[in-house]
Amino acid sequence: MDELVLDAVSQSYGTRQIISSLSFHLARGEIGCLLGPSGCGKTTALRCIAGFEPVQSGSICIAAATVSRPGLTLAAEKRRIGMVFQDYALFPHLTVAGNVGFGLPQRNQPAAKARVDELLGLVGLAQHALKYPHQLSGGQQQRVALARALAPRPRLILMDEPFSNLDVELRERLSIEVRDILKREATTALIVTHDQHEAFALADRVGVMHQGRIQQWDTPYNLYHRPANRFVADFVGQGVMLSGDVLNSRQVRTELGVLDGQIPVDCSSGGCQACPRSCGVDVLLRPDDIVHDDDSPLQAEVENKAFRGAEFLYTLKLPSGQRALSLVPSHHNHAIGEKIGIRLSADHVIAFRRD
Amino acid sequence: MTARWRPDGWRLLSWAVAALVLVPVLVSFSSFTQLDRTTLAHLGEFVLPELLVNTFWLLLGVGLGVSVLGVSLAWLVAMCEFPGRRVLDWALLLPLALPAYVTAFVAIDLLDFSGPLQSWLRNGWGITGLPEVRSRAGVIAVMSLALYPYVYLIAKNAFATQGAMALEAAQSLGLSRPRGFFKVALPMARPWIAAGVMLALMETLADFGTVAVFNYDTFTTAIYKAWYSLFSLPAAAQLASVLIMFVLIAVVIEQRSRAQMRFGAVGRASASRRITLTRQQGWLAFGYAGAVLLLAFVIPVGRLLLWTWHTAARDLDARYWSFTLHSLMLSALGAMLVVAVGLLLAYAGRQRAGTGMVWAQRIATLGYAFPGAVLAVGLFIPVAALDNLLMDAGRAWFGFAGTEVLKGTLLVMLLAYLVRFLAVGFGPIDSGLQRITRNVDEAARSLGCSSAHLLGRVHLPMLRLSLQTAAALTFVDIMKEMPITLMTRPFGWDTLAVRVFEMTSEGEWERAALPSLAIVLTGIIPILLLTWRNGAAHHEGPKHG
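Residues numbered from 1 in each chain as written. Chains lettered and ligands numbered in written order. Predicted model: local features only at pLDDT ≥ 70, side-chain atom pairs only at ≥ 80, totals over all residues.

Q: Please explain the overall build of chain B as it appears in this structure.
A: The secondary structure content of chain B amounts to 21 helices and two strands. A compact globule built from 545 residues would reach a C-alpha radius of gyration of about 24 Å, and chain B, at 25 Å, matches this within 12%. Its C-alpha atoms give chain B principal-axis dimensions of roughly 85 × 75 × 45 Å. The 545 residues of chain B split such that 44% are buried. (Helix = DSSP H or I, 4+ residues; strand = E, 2+ residues; numbered from the N terminus. Rg over C-alpha atoms; globule rule 2.2 N^0.38 Å. Buried ≥ 20, exposed ≤ 12 C-beta atoms within 10 Å, placed from the backbone.)

In structure tokens:
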């Protein structure tokens, strides 16, 4: 059953369209993520769902009840949504336990206390219950914010750039932890971030946003391996575009060889020789699609290299002058300017129609 | 932004407070419609020229005095290392607790012809012919010693945040330290210094007690005399309007300096290397700063203590306790009023942000620049007029004359306190409220907290320290306040400050000591609060933006 449904939601400030016709849905217990560069409208979308902004068209439903549509915005405090803010927005005058218990009904003190203890145990802060927020580290504050949002058992948790104030190592560890906590509480959650590593580590489903629209709503695996358009291909992961000619409905010829894949042009002809259209496409090649092979007849010149520890990321110059990226185990240490043998190792590639 | 202006509670409230500030200005200027020719001729011929000359020299002298004292002390404390620096850092603020009128009568007592210094020199050494203390130079010296902390406080901040970096940059470009100070650090700190000097000059224009002790006629004493000796309210109001012109010039300069300060901020205060003075220089610096502190605070307070020792037995009577009680009651009432209105005004700004609201707040907090004498006259006149209207209405509708309803009450006084000290209370509350981010509000709402509960559960607890600061600062300012209390107090409401005025105007210095000491002791509270909070600010938790 769908916990959260957005149906063609639009919002603009003055003449500037912030989000247009945004639609997606999250099943109960699922973790979703809106991923995009800053200014793509993802935070506005989150604020609309939270009830801090009205929507101008479309509708938002939580647990099958409409909470937002033009002319109706259910107050934020009545939505039963938990929110985790970028700056955590903890209450500085309350202890950790006071913060976590803030949203719990005050009538039933023993139950509230039990719930606070349960959550502090869950986020691993039981021994800090009586400290004040400023006495905690950034990562601890973050977990207090999450516990506070989870405490009243909300139907939905919203997190706005939850790890942007933390250093890089902590981010990865904490995002795995947060996913674990959310799954254990069986909470539906929607996260907004510009960091794809965070999105991939946390979410079941990710929506890549650009200019107020969702470009693709899919699993992390599919976003990387089956991007729906150039923006997604470019934004998610590394890679280059290599020009190719369409041979038939499933094959493209590039200077690295003939590849199988989805061809975005309608091709029903028997072959390019007989066809007057001469369709050109760009093929997406990830760094792991090109492997180093000393015996390969295909040669490329090392133009640049970046040491990554276990491997090198080589930028290669192909005979035609086009560039390609290749991940190579780091014991293959080649100098810039050297020619090395390469081979394609892509069983299935993505091609985009050339503009 | 909404296209159409709709009146609502928050906007109405803010503009009502702003209007209250504009009332005395309008009343003062409209007094020119009722020309009292004989009084005006008298004023124009004998009084006004002298007032203008006196005010001019006073502003020039005090301006120079506080600049030199404030900037030099700030530089030494912020940038150099010398014996006693840590203590002097906050001790140099102590003169803020001492109202200038107290320093004034102590100085006259000590330095007068019959005072201890001149007597000693005359009898012991045969030295005579010291300059007269009751002179222009005397007033200027006393006011400079009393008001330099305004410049010191703000210039010290400026030097601490940008001084070291500016100086190091200058040195790296080949300038010597003294040249670096005059060519880089001082010009960079100019907006700060100007703002501090303007605050000191506003206090100078507003001062009543000091010039009254010295018999040095300025606009404030002239307003008092016009009202209580000539019984001419219009004349008092006309004098007030001239004074307002001076004040507005100072306000404009101050506000412009503040605007420049925003662009001038270079970096954060860093614990960078201080200039280490040589041994000799260090003791010289200590001697200079110590001497200022001695003259501006230690000696006057010592003298007060000595006097109190002698007079306490006689003066600690029931009347003294009633003065104290009145002072405490009025200060508490005024502080509560100021904090309440300040909170509402700050809250209005949060609820209805926009250019209109910024202007309403700016005007509403402009009253700090208005001398108490101006406010007393400017608010008494309309309230008296309202009273007469009420009496006429009573006569017409109920057939009996009735008595004055408002005139004999605390109304005028409290309104004047509100206008004069609203900025003092509004400042800390507003900055406290601005530190509560929108996210905190939204976090509370998403946890089921309604807007009505937000104030009680989140905002007030988070604002507690700001509210306390605002209340303490206002309380002490009202305690020290002299002209408003003197001119608008209802019969029987004599306070400590009024007692000081009465005793000093009869030359009974030693009997003014006990009430003065009480005022000074209360005045030390906010200074301790200020230093304590500045110290505490460094230990506050991480701030996220």
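Q: Which parts of the structure should I look at to understand the overall build of chain A?
A: A tally of regular secondary structure across chain A gives eight helices and 21 strands. Taking the principal axes of the C-alpha coordinates as reference, chain A spans close to 80 × 50 × 35 Å. Burial status across chain A gives 42% buried among its 355 residues. Contacts in chain A between residues far apart in sequence, at least 24 positions, make up 65% of those at least 6 positions apart. (Contact = placed C-beta atoms within 7 Å.)

Q: Can you help me understand the interface of chain B and chain A in this one?
A: Reports often express the size of an interface as the amount of accessible area lost when the parts come together. Counting residues at the interface gives 19 residues for chain B and 21 residues for chain A. Elements with a minimum of two residues in the side of chain B that touches chain A: α17 (438-446) and α18 (451-480) of chain B. Here the side of chain B that touches chain A takes six residues from α17 of chain B, the largest share from any one element. Split into classes, the residues belonging to the side of chain B that touches chain A amount to eight nonpolar, eight polar and three charged. (Nonpolar A, V, L, I, M, F, W, Y, C, P; charged D, E, K, R; others polar.)

Q: It is not clear to me how the packing of helix α4 (residues 138-150) of chain A against helix α5 (residues 168-185) of chain A should be interpreted in this structure. Could you clarify?
A: When two helices pack together, their arrangement is given by the angle between the helix axes and by the axis-to-axis distance. All names here are of chain A. At their nearest, the axes of α4 and α5 sit 12 Å apart, and the two run at 20° to each other. Here α5 runs roughly parallel to α4, going by the angle between their axes. The interaxial crossing formed by α4 with α5 has right-handed handedness. Contacts from Gly 139, Gln 142, Leu 146 and Leu 150 of α4 reach α5 at Leu 170, Leu 174, Val 178, Ile 181 and Glu 185. In terms of residue class, the contact of α4 with α5 is built from six nonpolar, two polar and one charged. (Axes fitted to C-alpha atoms, helices over the stretch in contact; angles between N-to-C directions. Parallel < 35°, antiparallel > 145°, perpendicular 65-115°, else oblique. Left-handed = near helix turned anticlockwise from the far one by under 90°.)

Q: It is not clear to me how the nonpolar core should be interpreted in this structure. Could you clarify?
A: Nonpolar side chains in soluble globular proteins tend to end up buried together. Ranked by size, the top nonpolar core spans 160 residues in total, and within it Ala 104, Val 151, Ala 155, Ile 223, Ala 240, Val 377 and Ala 416 of chain B carry the most contacts. Of the residues forming this core, the biggest block, 17 residues, is contributed by helix α6 (residues 136-172) of chain B. The contacts of Ala 416 of chain B, once residues within four sequence positions are left out, are Gly 372, Leu 375, Ala 376, Leu 379, Ile 484 and Thr 488 of chain B. Listed in part, the 107 residues of the second largest apolar core include Leu 146, Leu 150, Leu 156 and Ala 189 of chain A. (Core = buried A, V, L, I, M, F, W, Y, C linked by C-beta atoms within 7 Å.)

Q: Explanation requested: the pairing of strand β7 (residues 81-84) of chain A in the structure shown.
A: Across a regular strand the side chains alternate sides, sitting on one face of the sheet and then on the other. All names here are of chain A. Side chains Ile 81 and Met 83 project from β7 onto one buried face, and the interleaved Gly 82 and Val 84 project onto a second face that is buried too. In the sheet, β7 pairs with strand β8 (residues 156-160) via four bridges, with the strands oriented parallel. Within the sheet, the bridge partner assigned to Val 84 lies in β8 and is Met 159. (Pairing = 2+ DSSP bridges.)

Q: Whenever I open this one, the sheet that holds strand β13 (residues 251-254) of chain A confuses me. Can you help?
A: Strands in a sheet are paired, the pairing made by backbone hydrogen bonds, and the direction either parallel or antiparallel. Residues and elements named next belong to chain A. Judged by pairing direction, the barrel is mixed, and its five strands sit side by side in the order β12-β13-β14-β21-β15 before closing back on the first. Pairs of neighbouring strands in the sheet enclose a mean axial angle of 50°, with direction left out of account. Pairing of β13 with strand β14 (residues 257-262) involves four bridges; the strand directions are antiparallel. Its bridge partner lying in β14, Val 252 is registered against Leu 259.

Q: Would you explain the confidence of the model for chain B in this entry?
A: Residues and elements named next belong to chain B. For chain B, the mean per-residue pLDDT works out to 82, and 90% of the residues sit at or above 70. Across residues 536-545, where pLDDT falls below 50, the model places nine contacts with residues more than four positions away in sequence or in other chains. Two summary scores accompany this predicted model of the complex, namely pTM at 0.77 and ipTM at 0.76. (pLDDT = per-residue confidence, 0-100.)

Q: How should the confidence of the model for chain A be read in this particular structure?
A: One rule of thumb: low pLDDT means the predicted coordinates there are not for detailed reading. Within chain A, residue pLDDT values average 88, and 95% of them lie at 70 or more. Across chain A, the element-wise mean pLDDT spans from 79 in β14 of chain A up to 95 in strand β3 (residues 31-35) of chain A.

Q: I'm lost on the packing of helix α1 (residues 9-30) of chain B against helix α14 (residues 355-364) of chain B in this one. Help?
A: Residue and element names in this part refer to chain B. Where α1 contacts α14, the axes come no closer than 8 Å and their chain directions differ by 35°. Handedness of the crossing formed by α1 with α14: left-handed. For the pair α1 and α14, the contacting residues are Ser 14, Trp 15, Val 17, Ala 18, Val 21 and Leu 22 in the first and Met 357, Ala 360, Gln 361, Ile 363 and Ala 364 in the second. Residues belonging to the contact of α1 with α14 are distributed by class as follows: nine nonpolar, two polar and no charged.

Q: When you look at unusual backbone geometry in this model, what are you seeing that I'm missing?
A: Working note: non-glycine residues mostly have negative phi, and peptide bonds are mostly trans. Residue Ala 186 of chain A is not a glycine yet carries a positive backbone phi of 55°. Its place among the elements puts Ala 186 of chain A in the loop between α5 and β9 (188-193). Positive phi, normally seen in glycine, also occurs at Asn 215 of chain B, with a value near 55°. Note on placement: Asn 215 of chain B falls in the loop between α9 (209-214) and α10 (219-228).

Q: Help me out: how do you make sense of the sheet that holds strand β19 (residues 323-329) of chain A in this one?
A: Residue and element names in this part refer to chain A. Ordered by their spatial adjacency, five strands build an open sheet running β16-β20-β17-β18-β19, and the pairing between neighbours is antiparallel. Single-partner strands in this sheet number two, and they are β16 (290-292) and β19. Geometrically, the sheet is characterised by an average inter-axis angle of 50° between neighbouring strands, direction not taken into account. Here seven bridges tie strand β18 (residues 311-317) to β19, and the two strands are oriented antiparallel to one another.

Q: What is the right way to look at the environment of Val 67 of chain A in this model?
A: Residue and element names in this part refer to chain A. With respect to the helices and strands, the residue Val 67 is situated in strand β5 (residues 65-69). Overall, Val 67 belongs to the buried group, with 24 C-beta atoms counted inside 10 Å. Filtering out sequence-adjacent residues up to four positions away, Val 67 remains in contact with Gly 51, Ile 60, Cys 61, Ile 62, Leu 74 and Arg 79.

Q: Is there a simple way to think about the environment of Met 241 of chain A in this case?
A: Residue and element names in this part refer to chain A. Looking at the secondary structure, you find Met 241 in strand β12 (residues 240-248). Taking the C-alpha atoms as reference points, Met 241 and Val 281, separated by 40 residues in sequence, lie 9.4 Å from one another. Setting aside chain neighbours within four positions, we find Met 241 in contact with Asp 282, Val 283 and Leu 284.

Q: How should the environment of Ile 478 of chain B be read in this particular structure?
A: All names here are of chain B. Mapped onto the elements of the fold, Ile 478 is located in helix α18. The buried category is assigned to Ile 478, around which 27 C-beta atoms lie within 10 Å. Along the sequence, Ile 478 and Ser 331 sit 147 residues apart, while their C-alpha atoms lie 5.3 Å from each other.

Q: How should the pairing of β13 of chain A be read in this particular structure?
A: All names here are of chain A. Residues Val 252 and Thr 254 point to one face of β13 and are all buried, whereas Gln 251 and Arg 253, pointing to the other face, are not buried. The antiparallel pairing of β12 with β13 creates a hairpin that spans two residues between the two strands. Linking β13 to β14, which pair antiparallel, is a turn of two residues.

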